[in-house]
Amino acid sequence: MRRNFKDSAWGNRRPDRKSRGFHRKVRRKGESRNRNACYYLPRDTLSALEISNPSEKFLNTKDVKNLSLLLDKFAPYSKEKGLVNDCHSENPKASGNVLKTLLGEIKVPGEAVSLYKDYFRLYEMFVNSIGAEKEILASRTRLVVGLGDESVYETSIRLLRNYGVPYIPGSALKGITRAWATEMMAELLDGAGGFSGDFYERAGQVQKFLSEGKAGKFPENSEVTPSGEIEEFVNTVGVGNSPRRIAEKLVELFGTTKNRGKAIFLDALPVPPGRGDWHLFEWDIMNPHYGPYYQRGEPPGDWHSPVPVIFLTVKAKTPFLFGVAGEMKETAWELLKLAIENHGVGAKTTLGYGRFNVP
Amino acid sequence: MKSLVLGLYAVTPLHPGSGSEISVIDLPIQRERHTGFPVIWGQSLKGVLRSAFGDYELESREESGQKLREIIKAELLEIEKKLKSDIPEEEVKELITRKTELENLLLSPPMTTAIFGPPTNRASEHAGAIAVGDAKILLFPVRSANGVFAYVTSPMVLERFKRDLQLAGRNADFEVPAVGKGKALVTGNSDVENNGRVILEELVLDVEDRVDEKVIDAIKLVLPEGIDVSRRIVIVDDDVFSTFVRLSTEIVARVAIDASKGTVKQGGLWYEEFLPSDTLLYSVIIVGNPRGGALKSEEEVEETLRGFITDTRYLQVGGDETVGKGFVLAKPG
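Conventions we followed
- The numbers attached to residues start from 1 for each chain and follow its sequence in the written order.
- Chains and ligands are labelled by the order in which they are written, letters from A for the one and numbers from 1 for the other.
- Local features in a predicted model are, by the rule used here, given only for residues with pLDDT of at least 70; side-chain atom pairs are given and counted only at 80 or more, and totals for whole chains, interfaces and linings are based on all residues.
- Water and hydrogen atoms were dropped before computing side-chain values, which therefore reflect all heavy atoms in the structure.
- Note on conventions: DSSP H or I runs of at least 4 residues are helices, E runs of at least 2 residues are strands, and numbering of each starts at the N terminus.
- Burial classes: relative accessible area under 20% of the type maximum marks a residue as buried, over 50% as exposed, and values in between as partly exposed (1.4 Å probe, protein chains only).
- Contacts are assigned to residue pairs with any non-hydrogen atoms lying within 4.5 Å of each other.
- Methods summary: accessible areas were calculated by the Shrake-Rupley approach with a probe of 1.4 Å, and residue burial reflects only the protein chains presented.
- Note: buried area is the sum, over both parts, of the accessible area (probe 1.4 Å) each one loses when the two are combined.
- We define a salt bridge as a side-chain nitrogen of Lys or Arg found within 4 Å of a carboxyl oxygen belonging to Asp or Glu.
- Whenever a nitrogen or oxygen atom comes within 3.5 Å of another N or O atom, the pair is scored as a polar contact, on the condition that within protein one atom can donate a hydrogen and the other can accept it, and that pairs from neighbouring residues in sequence are kept only if both atoms are in side chains.
- Patches in this entry comprise residues that are over 30% relatively accessible and not in a salt bridge; like charges within 9 Å are linked, as are nonpolar side chains (Val, Leu, Ile, Met, Phe, Trp, Tyr) within 5 Å.
- Only Phe, Tyr and Trp rings take part, Trp by its six-membered ring, and two of them pair if their centres are within 6.5 Å. Stacked means planes under 30 degrees apart, edge-to-face means over 60, and tilted covers everything else.
- A ring has a charge above it when a Lys NZ or an Arg CZ is no more than 6 Å from the ring centre and no more than 35 degrees off the ring normal.
- Counting rule for charge: Lys and Arg are taken as positive, Asp and Glu as negative, and neither His nor the chain ends is counted.
- Charge coordinates come from a single atom per side chain, which is NZ of Lys, CZ of Arg, CG of Asp or CD of Glu.
- Pairing between strands is defined by DSSP: at least two bridges between the two strands are required.
- Confidence of the predictor at the level of single residues is given by pLDDT, which spans 0 to 100.
- Take the residue count of a helix, subtract one, and multiply by 1.5 Å to get its expected span.
- UniProt positions are given in the numbering used here, feature names are shortened, and annotations may be inferred rather than shown by experiment.
- We define the nonpolar core as a collection of buried residues of types Ala, Val, Leu, Ile, Met, Phe, Trp, Tyr and Cys that are connected through side-chain atoms lying within 4.5 Å of one another.
- Boundaries of every domain are those given by an automatic assignment or by a domain database.

**Student:** What is the right way to read the overall build of chain B from this model?
**Tutor:** Looking only at helices and strands, chain B has 8 helices and 16 strands in total. Across the 333 residues in chain B, those meeting the buried criterion constitute 53%. Across chain B, every contact between residues at least 6 apart in sequence was considered, and the portion connecting residues at least 24 apart equals 68%. Carbon and sulfur atoms form 49% of the exposed surface of chain B, whose accessible area is close to 14,900 Å².

Written as structure tokens, this is what we have:
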């Protein structure tokens, strides 16, 4: 890494970079002039967007009002460091880092916000009309759903296709509610006959039996006295702490490959702000130090350079509208709330991402 | 002959699945064989309507303040109780016959049977009173550099729409516009036009002419209230439309996590195709005279159906219901 700083392009900028810190969103004026971007787009598209010299102007949400379209189809390519003068010889790259340097803060433009408001109103009406249990809950930590989705960047974030607004798919919410319930069941089965002594193996067994609908494989009685999170779980399911009874209810709620579940987990949409641009994104960084160890199985060593990966997240304190419908909505709703509070949703939940405040 | 032109506006993405396929997309959506346009087959739509109408009938029909569903369930409970007690054999037979009758009633209440036909096990008794046509595409949302997204349609789509409206006996006095290759039509107050051009996905089209007001009026017949399409409608040529509906649907990667490892399960990654939200489809439902059951005339059937759609408003079509997919806002036109 040290060697890189002697590189002329970096050498010039090092003091500046140091003073900025990672979370400073605003690029210094004129700094972008040192960069050059390439766009792999038809010539008439570029001219329609009035891009003749990409080093003077980068496509941003002022030019392309749909953020999802901007990030998918109008990706700027650049060298990670320094200039790109020839788009063919320098192997320019599209990455979170390039995006952050060239575009600065990513926001949802006002025009998209006002259109999204209409959609949100329609969606709210729909949620009310099907009689869902619903509430607006704000995130406690940063949130990123779809980090691993296909994208030209190394990382991604799930956006509504038509509006370019982040959301949490119902499938993710159902998935984490079920995952959290599975973990709680595994806790409850600690020391139970026929189940593994290892927590994770036991969770795997629970998952298998639940998805096959085999509630009969669970014992009538539990050896564990529920406390804390487990107690909350047991109370929410509301059939006592018999693992078999709980399993029966969970199977009914989540369904199996043969039977449909009796709860509908709706997509959670963020509540639109008043007016103007919507500043709900925040850049984030992961900095794996031992790339060759993770990727090629080489021994980890301090001679490996850290490779920062920049990715987009949704800020903490962003309010989302959650909803659950269906015959078993009451139980499902309580379970969902516990899951987004304790387990989190999206990527990096083990690092505390994707947690919500539940009053 | 009476008819109903049913508009379906996608509030959440739709997955009217056609089964699995060996391709990049594991679970594709239903498409017309000859055009490749997305479609919801008539039989799928009829099934949706039937099941929703059955629920509606059981919940909305009341006798002395009690819902039909509750009345039937109460009687079933009583029979169960009687069957457990000591009663003569003849009465047992009677009770069992009545029980089957009631169970059938729960599956297919009288009005449902009249409109949609009897359930499969008694399908030969008589036909239903309606013919449900395929739900065809009318407006397909495409991301746009200006105006966020556009409602895209094409001359061929409008031509079919016009023919279907005429078949249903509706007013369809609009001219189907002609669109040149690489050209587009927008309205005078369009949000998606910029300097005489529209940019849809990465494609640039020159604005050639204006969309006739009458086209928008015709679309309004199947468009739920409160949704304005006039500022973002774009009519493109058939080839461009075909490209959009084939290549810009929503493809979502779904994963299943193995709880013992915390990583993706073996075989637990699949790609699923969705018709995006804000898609508008329409279906023509032809209503004939009922041949049996609780309704007498085609007027009565039509009125009942209209009332049902106006009251219910939201239908769920296709797969992934338990994760909130497939909800459409229905408009009886």
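**Student:** Can you walk me through the interface of chain B and chain A in this structure?
**Tutor:** When the parts of a complex come together, some accessible area is lost, and that lost area is often taken as the interface size. Chain B puts 45 residues into the contact, and the matching count from chain A is 49 residues. Counting each side, the surface lost to burial between chain B and chain A is near 3,800 Å², with a carbon and sulfur contribution of 55%. When the buried area of chain B at its contact with chain A is split by residue, Arg-143, Val-148 and Thr-322 of chain B rank highest and sum to 20% of it. For the salt bridge of Asp-267 of chain A with Lys-325 of chain B, the shortest nitrogen-to-oxygen distance reads 2.8 Å. Remark: the boundary between chain B and chain A carries 23 residue pairs in polar contact (both at pLDDT 80 or more). Every element with two or more residues in the side of chain B that touches chain A is listed here: strand S6 (135-143), strand S9 (197-200), strand S12 (250-258), strand S13 (263-274) and strand S16 (327-332) of chain B. Ranked by residues supplied to the side of chain B that touches chain A, first place goes to S12 of chain B with 6 residues.

**Student:** Is there a simple way to think about the environment of Asn-194 of chain B in this case?
**Tutor:** All names here are of chain B. Within the secondary structure, Asn-194 sits in the loop between strand S8 (183-186) and S9. The partly exposed category is assigned to Asn-194, whose relative accessible area is 34%. For the pair Asn-194 and Ile-235, spaced 41 residues apart in the sequence, the C-alpha separation amounts to 15 Å.

**Student:** Even after reading the chapter, I still don't get a nonpolar patch on the surface, so can you show me in this structure?
**Tutor:** Residue and element names in this part refer to chain B. There is a patch of nonpolar side chains on the surface, built from Val-255, Ile-257, Val-264 and Leu-269 and spanning about 320 Å² of accessible area. Going through the elements one at a time, S12 and S13 are the ones with two or more residues in the nonpolar patch. Here Ile-257 shows up in strand S12.

**Student:** Please clarify how unusual backbone geometry should be interpreted in this entry.
**Tutor:** A negative phi holds for most residues other than glycine; trans holds for most peptide bonds. Residue and element names in this part refer to chain B. Residues other than glycine seldom take positive phi values, yet Asp-278 does so here, at roughly 75°. Mapped onto the secondary structure, Asp-278 falls in the loop between S13 and strand S14 (280-287). Phi angles above zero are rare outside glycine, and Asp-320 is one such case at about 65°. Along the polypeptide, Asp-320 turns up in the loop between strand S15 (314-316) and S16. For Asp-320, a relative accessible area of 21% translates into the label partly exposed.

**Student:** What is the right way to read the packing of aromatic side chains from this model?
**Tutor:** Aromatic rings considered in pairs are described by the distance between their centres and by the relative angle of their planes. Under the criterion given, the structure shown has 28 aromatic pairs over all chains. When the ring of Tyr-119 of chain A is compared with that of Tyr-123 of chain A, the centres are 6.2 Å apart and the planes differ by 35°; the resulting orientation is tilted. Placement of the pair is Tyr-119 of chain A and Tyr-123 of chain A together in helix H6 (residues 110-129), with a separation of 4 residues, close to one helical turn. Taken together, a centroid distance of 4.8 Å and an interplanar angle of 70° make the contact between Phe-161 of chain B and Tyr-282 of chain B edge-to-face. Of this pair, Phe-161 of chain B sits in helix H5 (residues 155-167) while Tyr-282 of chain B is found in strand S14, placing the two residues 121 residues apart along the sequence. By the burial criterion, Phe-161 of chain B is buried, and Tyr-282 of chain B matches it. Ring pairs connect the aromatic residues Tyr-116, Tyr-119, Phe-120, Tyr-123, Phe-126, Tyr-163 and Trp-278 of chain A together with Phe-149, Tyr-151, Tyr-314 and Phe-327 of chain B, which therefore count as one cluster. The positively charged end of Lys-162 of chain B is found above the aromatic ring belonging to Phe-174 of chain B, 5.8 Å away from the centroid.

**Student:** Help me understand a negative patch on the surface, please; the structure alone is not making it clear to me.
**Tutor:** All names here are of chain B. Where like charges cluster on the molecular surface, the negative patch consists of Asp-173, Glu-175, Asp-212, Glu-213 and Asp-217. Following the sequence through the fold, Asp-217 ends up in helix H6 (residues 213-220). Classification of Asp-217 by relative accessible area gives partly exposed; the value is 44%.

**Student:** In this structure, what is going on with the pairing of S16 of chain B? I would like to understand it.
**Tutor:** Consecutive residues of a regular strand have side chains that alternate between opposite faces of the sheet. Residues and elements named next belong to chain B. Counting buried positions along S16 yields 6 of 6 residues, so the element is predominantly enclosed. Across the two faces of S16 the burial is the same, with Phe-327, Leu-329 and Lys-331 and Val-328, Ala-330 and Pro-332 all buried. Of the pairings in the sheet, the one linking S15 to S16 comprises 3 bridges and is antiparallel in character. Bridging from a neighbouring strand, Gln-316 pairs with Phe-327 of S16.

**Student:** Any chance you could explain the confidence of the model for chain A here in plain terms?
**Tutor:** When pLDDT is averaged along chain A, the result is 84, and 86% of the positions lie at 70 or above. For the stretch residues 1-33 of chain A, pLDDT sits under 50, and the model shows 32 contacts to residues farther than four places along the chain or on other chains.

**Student:** Help me out: how do you make sense of H5 of chain B in this one?
**Tutor:** Residue and element names in this part refer to chain B. Between its first and last C-alpha atoms H5 spans 18 Å; for 13 residues at 1.5 Å apiece the expected length is 18 Å, and the two agree. For H5, the full list of buried residues reads Pro-155, Val-157, Leu-158, Arg-160, Phe-161, Lys-162, Asp-164 and Leu-165. Phi for Gly-169, located one or two positions after H5, is positive at around 75°.

**Student:** Would you mind going over the UniProt feature "domain: CRISPR type III-associated protein" (unreviewed entry) in chain A with me for this structure?
**Tutor:** Those places that UniProt annotates as "domain: CRISPR type III-associated protein" (unreviewed entry) correspond, in this numbering, to residues 141-357 of chain A. With 35% helix and 11% strand, residues 141-357 of chain A has end C-alpha atoms that lie 9 Å from one another.

**Student:** I tried to follow the nonpolar core on my own but got confused; where do I start?
**Tutor:** Counting residues in each nonpolar core, the largest one holds 198 residues, and the members touching the most others are Phe-233 and Phe-322 of chain A. Ranked by the residues each element gives to this core, the list is headed by H6 of chain A, at 10 residues. Here this core gathers at least three residues from each of two domains, domain 1 (38-103) and domain 2 (108-358) of chain A. When sequence neighbours within four positions are dropped, the list of residues in contact with Phe-233 of chain A reads Trp-180, Ala-181, Met-184, Met-185, Ile-246, Leu-250, Leu-335 and Leu-338 of chain A. Grouped together as the second largest cluster of nonpolar side chains are 7 residues, Leu-68, Ile-72, Ile-79 and Leu-95 of chain B included.

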